[in-house]
Amino acid sequence: MKKLHIAMLIGSLTKGGAERVLVNLADYFVNKGYCVTMVTQYRLADEYALNEKVRRVISDITPEQTTGNRVINFARRFEKLRNIWKKERPDVILSFIGKNNMMAILTSRFLRIPVAVSVRADPVEEYYSSWMRFMARHLFSRADGVILQTSGCFDFFPEGVRRKAVILKNPISGGFFRERYEGERDKTIVAVGRVDENKNHELLIRAFSGIAEEFPDYKLIIYGEGDLRQHLGELVRELGLSDRVLLPGSIGNVADAIYKARIFVLCSNSEGVPNTLIEAMLMGLTVVATDCPCGGPADLIRSGYNGCLVPVKSTDKMKEKLQYLLNNLQIADELGRNAVKTRDIYAAGKVYGEWESFLCSLAERHRKQL
């Protein structure tokens with residue numbers, strides 16, 4: 001059987017969880033002999049590297065095509081993306097995140113190309129305005145498949161969308177599948193993620209400041225780039241923790257950087273199923289996460305068994321949990337050893353195979369309908 005041509009649509013490949021998942025998928029499919037075209041609106045700095053076998057197409061209009069009229073600019077972007085589908089003629093389109101999902105459905109209408117849209121976070125946050133929520137709830141019924149992160153996401157959508165929806169796990173880079181480090185761990189608490197309001201690293205900094213005097217040998221390291229990095233730096237200085245809280249920005253070797261850390265923390269206000277949390281658990285770190293909507297961390301963590309959940313936006317509860325774990329390292333290690341068992345459900349062959357089967361089934365179903 002002829003291998004499919006898969007087109008993937010996202011805003012850019014700048015470093016983030018959804019972008020990493022799509023790049024991992026592209027790498028898997030081209031290595032299996034599929035043709036993959038990656039369509040992004042932008043090409044930005046600090047992007048994930050694409051497999052050289054993946055064709056990259058930019059869908060944004062050029063400066064020469066841009067006018068002062070937003071309606072005209074949108075119409076030209078719409079036409080350009082539609083023309084990309086006409087030229088490339090993929091067997092299936094896989095779209096990620098927000099408005100990209102809407103554009104994938106609308107620009108491919110009547111072209112006889114099946115479309116799978118993927119919601120990567122809490123739908124209430126990803127579709128943050130009333131008109132976007134209205135469009136997502138109604139327009140997604142015209143997609144051929146809808147990929148969600150957690151069972152909690154289903155509640156956002158009407159029955160017509162839920163019938164087409166599946167939960168597919170995030171494929172994880174092979175570098176995180178390694179034996180748990182059983183030596184003396186670094187005296188570090190780490191976090192990884194975009195430095196923005198939703199990731200709420202300020203909560204972690206304030207919680208750490210509440211235990212810094214009790215644990216003078218420990219440091220907090222937050223890896224990631226974003227709009228609030230300067231603000232967090234100023235907060236660290238105000239708290240007198242410049243030598244204890246580090247903000248090194250984005251790095252390429254996350255697995256190596258956090259492998260020996262004592263505790264990994266995710267303190268988001270909302271999440272889908274966060275890659276960084278999965279990755280930390282696969283390596284056997286002791287993890288603490290906020291029990292945020294739409295239930296991604298709670299799907300991964302059985303609190304007190306393979307990690308700890310704390311209420312969203314609760315600095316006091318985060319401080320108490322960190323304090324407890326640092327005072328009870330044997331318990332912390334046991335949580336980490338249990339976290340490693342996550343790899344049973346995130347085995348690469350199983351996860352990639354589910355994505356492959358789903359996309360192939362959409363293409364095959366569509367072919368039979370022609």
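Residues numbered from 1 in each chain as written. Predicted model: local features only at pLDDT ≥ 70, side-chain atom pairs only at ≥ 80, totals over all residues. Heavy atoms only, no water.

1. Here's the deal with the pattern of salt bridges
Within this structure, the stated rule accounts for 21 salt bridges. Taking the shortest distance from any N to any O, the salt bridge between arginine 55 and glutamate 88 comes out at 2.9 Å. Here arginine 55 is found in strand β3 (residues 55-58), whereas its partner glutamate 88 is found in helix α2 (residues 70-88), with 33 residues between them in sequence. For glutamate 88, a relative accessible area of 13% puts it in the buried group. Salt-bridge contacts for glutamate 225 lead to arginine 229; the nearest nitrogen and oxygen are separated by 2.7 Å. The class of arginine 229 is partly exposed, set by a relative accessible area of 27%. What emerges from the salt-bridge pattern is a single network uniting Arg180, Glu182, Arg262, Asp333, Glu334 and Arg337. (Salt bridge = Lys/Arg side-chain N within 4 Å of Asp/Glu carboxyl O. Helix = DSSP H or I, 4+ residues; strand = E, 2+ residues; numbered from the N terminus. Buried < 20%, exposed > 50% of the residue type's maximum accessible area, 1.4 Å probe, protein only.)

2. What to know about the sheet that holds strand β9 (residues 219-223)
In space, the six strands of this open sheet follow the order β10-β9-β8-β11-β12-β13, with parallel pairing throughout. Every other strand in the sheet has two partners, leaving β10 (245-249) and β13 (308-310) as the edge strands with one partner each. Neighbour-to-neighbour, the strand axes of the sheet open up by a mean angle of 20°, direction not taken into account. Docked against the sheet, helix α7 (residues 201-209) engages β8 (186-192), β9, β10 and β11 (261-266), running at close to 170° with respect to β9. Sheet contacts for helix α10 (residues 275-282): β8, β11 and β12 (286-290); angle to β11, the most-contacted strand, approximately 155°. (Pairing = 2+ DSSP bridges. Axes fitted to C-alpha atoms, helices over the stretch in contact; angles between N-to-C directions. Contact = heavy atoms within 4.5 Å.)

3. A look at the side chain of arginine 180
Within the element layout of this structure, arginine 180 appears in the loop between β7 (165-167) and β8. Within the structure, the side chain of arginine 180 is placed 2.7 Å from the backbone oxygen of glycine 284, a separation counted as a polar contact. Contacts of arginine 180, omitting those with residues within four sequence positions, involve Arg185, Tyr259, Met283, Gly284, Asp333, Gly336, Arg337 and Val340. (Polar contact = N/O pair within 3.5 Å; in protein donor to acceptor, adjacent residues only side chain to side chain.)

4. Observations regarding the packing of aromatic side chains
Summed over the entire model, instances satisfying the criterion amount to 10 aromatic pairs. On the numbers, 5.3 Å between centres and 75° between planes, the contact of tyrosine 28 with phenylalanine 29 is edge-to-face. The pair formed by tyrosine 28 and phenylalanine 29 is uniform in burial state, with each residue classed as buried. Relative to tyrosine 352, the ring of tyrosine 28 lies with its centre 4.5 Å away and its plane at 10°, an arrangement referred to as stacked. (Phe/Tyr/Trp six-rings, centres within 6.5 Å; stacked < 30°, edge-to-face > 60°.)

5. Re the packing of α2 against helix α3 (residues 98-107)
Where α2 contacts α3, the two axes come as close as 9 Å, and the packing angle between them is 65°. As for the relative orientation of α2 and α3, their crossing is right-handed in sense. Residues Phe74, Phe78, Leu81, Arg82 and Trp85 of α2 form the contact with α3, whose participating residues are Met103, Ala104, Leu106 and Thr107. Looking at the contact of α2 with α3 residue by residue, the class counts come to seven nonpolar, one polar and one charged. (Left-handed = near helix turned anticlockwise from the far one by under 90°. Nonpolar A, V, L, I, M, F, W, Y, C, P; charged D, E, K, R; others polar.)

6. Quick notes on the environment of lysine 164
Along the chain, the position of lysine 164 falls in the loop between α6 (159-162) and β7. Considered as a pair, lysine 164 and serine 209 are 45 residues apart in the sequence and their alpha carbons are 47 Å apart. At 2.2 Å, the side chain of lysine 164 forms a polar contact with the backbone oxygen of serine 141.

7. With respect to the packing of α7 against helix α12 (residues 315-327)
For the pair α7 and α12, interaxial distance at closest approach is 8 Å and the crossing angle is 55°. Considering their axes alone, α7 and α12 lie oblique with respect to each other. Crossing handedness for the pair α7 and α12: right-handed. Packed against α7, whose contacting residues are Leu203, Leu204, Arg206 and Ala207, the element α12 presents Thr315, Met318, Lys319 and Leu322 at the interface. (Parallel < 35°, antiparallel > 145°, perpendicular 65-115°, else oblique.)

8. Digging into helix α14 (residues 348-369)
If you check α14, its first and last C-alpha atoms are 32 Å apart, about what 22 residues at 1.5 Å a residue would give, namely 32 Å. Residues of α14 that are buried include every one of Val351, Tyr352, Gly353, Trp355, Glu356, Phe358, Leu359, Leu362, Ala363 and His366, and no others. At its buried positions, α14 is contacted by β1 (5-10), α1 (17-31), β4 (92-96), β5 (115-118), β6 (145-148) and β7. (Expected span 1.5 Å × (residues − 1).)

9. Looking at the pairing of β1
In terms of burial, β1 is a largely internal element, six of the six residues being buried. In this sheet, strand β2 (residues 35-40) lies alongside β1 in parallel orientation, the contact comprising six bridges. Looking at β2, one finds that isoleucine 6 is bridged to valine 36. The parallel pair β1 and β2 is bridged by α1, and the resulting crossover is right-handed. (Right-handed = clockwise from strand over helix to strand, strands pointing away.)

10. Digging into the sheet that holds β6
Strand order in the open sheet formed by seven strands is β3-β2-β1-β4-β5-β6-β7, with parallel pairing between adjacent strands. Whereas interior strands pair on both sides, the edge strands pair on one side only; in this sheet they are β3 and β7. Within the sheet, the average angular offset between the axes of one strand and its neighbour, ignoring direction, is 20°. Where β5 and β6 come together, three bridges link them in parallel fashion. Opposite valine 117, over in β6, you have valine 146 as the bridge partner. Against the sheet, α1 contacts β1, β2 and β4, and its axis sits at roughly 165° relative to β1.

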